[in-house]
Amino acid sequence: MNYRRAFVPNGYLHIIITSYDRKPIFIENIDILRTAFKNTKTIYEFEIIAICVLPNHIHLILHPNNIEQYPQIISSIKHYFSRNVGQVCPTDNLKIGYKNKREKGIFQRRYWEHTIRDENELNNHINYIHYNPVKHKLVQNVKDWEYSSFHKFVENNLYDKNWGNVKEIENIINLDYE
């Protein structure tokens, strides 16, 4: 299947990668996931602007040096993770299409992507990503979620450590990128 992808030079992309059947596999395998990103960085040049790993999906803002390589970057991350995580879904529970292609049932085949158009939109997406654990009721405060770039943003004085109160998130509360 051919996908239409926008390859905007020097672009930023909001990517959402989801586990197969939304199985909560990412946090319990966080070290493998981190290694998948590190391994991919040895192959491709890219920067992760913001990231939040949730139990069953990952949000990230990706800024690849070569925009046309972002599908390969995502594929490399998924491939490394899949190869090293082991079987997380019983093969008898896999859909026929996955069985026929001898897939392990780790990721949904596709991922969501959005090319970010301007700085305001970039900021909204970063805020949305960092607020996502609260949205999904995993924690009550953004600062309490360990698996997020939020803490680096605080260290770099881009957020106050208590960011995420109702007034601050009113401009993102109605956004839904999932």
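These lines cover the structure that appears in this document, whether it is placed above or below. As the structure is a computational prediction, the values presented were derived from the model and not from experiment. Numbering of residues begins from 1 in every chain and follows the order in which that chain's sequence is written. Only residues with pLDDT of at least 70 get local features here, since the model is predicted, and only at 80 or more are side-chain atom pairs given and counted; chain-wide, interface and lining totals rely on the full set of residues. Side-chain metrics rest on all non-hydrogen atoms present in the structure, leaving aside hydrogens and water.

### Digging into the overall build of the protein
Okay, so step 1: Elements are defined by DSSP. Helices are runs of H or I of four residues or more, strands are runs of E of two residues or more, and each kind is numbered from the N terminus. When helices and strands are tallied, the protein shows six helices and four strands.
Okay, so step 2: Counted from the first residue to the last, the protein has its helices and strands arranged as β-α-β-β-α-α-β-α-α-α.
Okay, so step 3: Per-residue burial for the protein yields a buried fraction of 47% across its 178 residues.
Okay, so step 4: A separation of at least 24 residues holds for 69% of the contacts in the protein among residues at least 6 apart in sequence.
Okay, so step 5: Summing over all exposed atoms, the protein offers an accessible surface of approximately 10400 Å²; the carbon and sulfur share of this is 45%. A simple rule labels every residue: compare its accessible area, found with a 1.4 Å probe on the protein chains alone, to the largest value its type can have, and call it buried under 20%, exposed over 50%, or partly exposed in between. Residues count as neighbours in contact if any of their non-hydrogen atoms are within 4.5 Å of one another. Note on areas: these come from Shrake-Rupley sampling with a 1.4 Å probe, and a residue is covered only by the protein chains present in the view.

### A look at unusual backbone geometry
Okay, so step 1: Phi at R22 takes a positive value of approximately 55 degrees, unusual for a residue other than glycine.
Okay, so step 2: The class of R22 is partly exposed, set by a relative accessible area of 36%.
Okay, so step 3: With a phi close to 60 degrees, N157 is a non-glycine residue in the positive phi region.
Okay, so step 4: For N157, the position within the fold is in the loop between α5 (150-155) and α6 (166-169).

### Focus: the sheet that holds strand β1 (residues 12-18)
Okay, so step 1: With antiparallel pairing, four strands are arranged side by side in an open sheet as β2-β3-β1-β4. What marks the edges here is a single partner per strand, and that holds for β2 (46-53) and β4 (112-116). With strand direction ignored, the average angle separating the axes of adjacent strands in the sheet is 20 degrees.
Okay, so step 2: Here β2 runs beside strand β3 (residues 57-64); their pairing, made up of seven bridges, is antiparallel. Looking at β3, one finds that V53 is bridged to I58.
Okay, so step 3: Angles run from 0 to 180 degrees between N-to-C directions of axes, and those axes are lines fitted to C-alpha atoms, restricted for helices to the stretch in contact. Contacts from helix α4 (residues 119-135) reach β1, β2, β3 and β4 within the one sheet, and its direction differs from that of β3 by about 150 degrees. In this analysis, strands are considered paired if DSSP registers two or more bridges between them.

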